[in-house]
Amino acid sequence: MSLTIAERWFETRRIDDDITLLWEPHVVPLLRCNIWHVRGRDRDLLVDTGMGIASLRHAARHLLEKPVLAVATHTHLDHVGGHHEFAERLVHRLEADSLREPGRLATLSTADWAPEEVAMMRNAGYEVPGALITALPHAGYKLSDYRRLPAAPTVIVEEGDVVDLGDRQFDVLHLPGHSPGSIGLWESKTGTLFSGDAIYDGPLLDQLPRSNVADYLRTMRRLRELPVRVVHAGHDPSFGRDRLKQIAEAYLKRRDSKAA
Ligand SMILES: [Zn+2]
Ligand SMILES: [Zn+2]
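Conventions we followed
- Residues numbered from 1 in each chain as written.
- Chains lettered and ligands numbered in written order.
- Predicted model: local features only at pLDDT ≥ 70, side-chain atom pairs only at ≥ 80, totals over all residues.
- Heavy atoms only, no water.
- Donors = N, O, S within 2.8 Å, 3.2 Å for Na, K, Ca; no water.
- Tetrahedral: all angles 85-135°; square planar, octahedral: opposite > 155°, others 65-115°.
- Helix = DSSP H or I, 4+ residues; strand = E, 2+ residues; numbered from the N terminus.
- Expected span 1.5 Å × (residues − 1).
- Buried < 20%, exposed > 50% of the residue type's maximum accessible area, 1.4 Å probe, protein only.
- Arc of directions from axis to C-beta.
- Contact = heavy atoms within 4.5 Å.
- Pairing = 2+ DSSP bridges.
- Axes fitted to C-alpha atoms, helices over the stretch in contact; angles between N-to-C directions.
- Salt bridge = Lys/Arg side-chain N within 4 Å of Asp/Glu carboxyl O.

(A) Molecular detail of the coordination of the zinc ion (ligand 2). Only D78 (OD), H79 (NE2), D197 (OD) and H235 (NE2) from the protein reach the zinc ion (ligand 2) as donors, at distances of 2.0 to 2.6 Å. Classification of the site at the zinc ion (ligand 2) as irregular follows from its four donor atoms and the range of 87 to 161 degrees in their angles at the metal. Look at where the donors of the zinc ion (ligand 2) fall in the sequence and you get D-H-x117-D-x37-H.

(B) Focus on helix α5 (residues 213–224). Taking 1.5 Å of rise per residue, the twelve residues of α5 would be expected to cover 16 Å, and the 16 Å separating its terminal C-alpha atoms lies within 8% of that figure. Considered for burial, the residues of α5 that qualify are Y216, L217, T219, M220, L223 and R224. All buried residues of α5 fall inside an arc of 165 degrees around its axis, so they share one side. Looking at the packing, one finds that the buried side of α5 touches β11 (192–196) and α6 (241–255).

(C) Here's a closer look at the sheet that holds strand β4 (residues 44–47). The strand order across the open sheet formed by seven strands is β1-β2-β3-β4-β5-β6-β7, and the pairing between neighbours is mixed. Bordering the open sheet on either side are β1 (11–14) and β7 (155–157), each of which pairs with just one other strand. Shown here is a sheet whose adjacent strand axes are inclined to one another by a mean of 20 degrees, direction ignored. Taken together, the three bridges between strand β3 (residues 35–38) and β4 define a ladder with antiparallel strand orientation. Counted as the bridge partner of V38 is L45 from β4.

(D) Broad picture of the coordination of the zinc ion (ligand 1). Ligation of the zinc ion (ligand 1) by protein atoms is provided by H74 (NE2), H76 (ND1), H178 (NE2) and D197 (OD), these donors lying 2.1 to 2.3 Å from the ion. Taken as a pair, the zinc ion (ligand 1) and the zinc ion (ligand 2) lie 3.3 Å from each other and share D197 as a ligand. Of this pair, H74 sits in the loop between β5 (68–71) and α2 (77–80) while H178 sits in the loop between β9 (169–174) and β10 (183–187), and the two are 104 residues apart along the sequence. Here H74 matches H178 in class, with each residue buried.

(E) Highlighting the environment of V230. Mapped onto the fold, V230 is located in strand β12 (residues 230–233). Spatially, the C-alpha atom of V230 lies 5.1 Å from that of T192, the residues being 38 residues apart in sequence.

(F) Examining the sheet that holds β12 more closely. Pairing is mixed across the open sheet formed by five strands, whose spatial order is β8-β9-β10-β11-β12. Pairing within the sheet leaves two strands with one partner each, and these edge strands are β8 (162–164) and β12. Strand-to-strand, the axes of this sheet are offset by a mean angle of 25 degrees, without reference to chain direction. Examined bridge by bridge, β9 and β10 share four bridges and lie antiparallel to one another. Bridge assignment links V172 to a residue of β10, and that residue is L185.

(G) Structural detail: the pattern of salt bridges. For the coordinates displayed, the defined rule picks out 13 salt bridges. Residues D18 and R39 are paired through a salt bridge, measuring 3.2 Å at the closest nitrogen-oxygen approach. Of this pair, D18 sits in the loop between β1 and β2 (19–23) while R39 sits in the loop between β3 and β4, and the two are 21 residues apart along the sequence. Residue D18 is classed as partly exposed on the basis of its relative accessible area, which comes to 23%. For R39, a relative accessible area of 34% puts it in the partly exposed group. Beyond isolated ion pairs, a larger network of salt bridges with shared partners links D18, R39, R168 and E187.

Structure below.
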């Protein structure tokens, strides 16, 4: 297979004075995670860090003037690949071990996936091509070079903990279902939610090895009531309260035998 060399690995879009979105255009949509940089008075946040194929620290260097806390909304491959580049790393207790020790096979070739896994992703509505990237980060890069490096957590959180940037405070919401230690960061003052993969505007995955539908139903009932202004999610475009309610209600209708 011949892939071209990417001119740059990350794209960047300024959302407002303090929030910048970064993403990896040459990663297939299934694994193309949103990376959110939030500027604070005393320190910055990076909400998720992408695949770890190329250096996020280098790509985001113009944004990184202060100490930065790398948050893992959860520890799936596409969200924590760059965590090892940052000294401070935050994760929920239930996924601390998987941030520390990448257990599952990290691969850029879906030939390495179990056939059931490929079928499940397709059933959910994703395209699953043979290669998970559509360009190479640099000349000579091979798909088999890809590794996820361990990144020991420095901050382990639970529901109700507060992440304080000095001028902005985010409450940790435990939002399990997609994965056991999925968290959201909720700033009630501005109605801003960083939701990870608990909710995004695309096909939701609740059949992964550590997913739990009963937990996901509870998470959706909770999110439905949250007075959000904007949700910056783990994938796909951001959305507001009406769309959040639609997504949550569609999920409840689909999975809740007792109806929404
Ligand atoms: Zn995920
Ligand atoms: Zn994801």
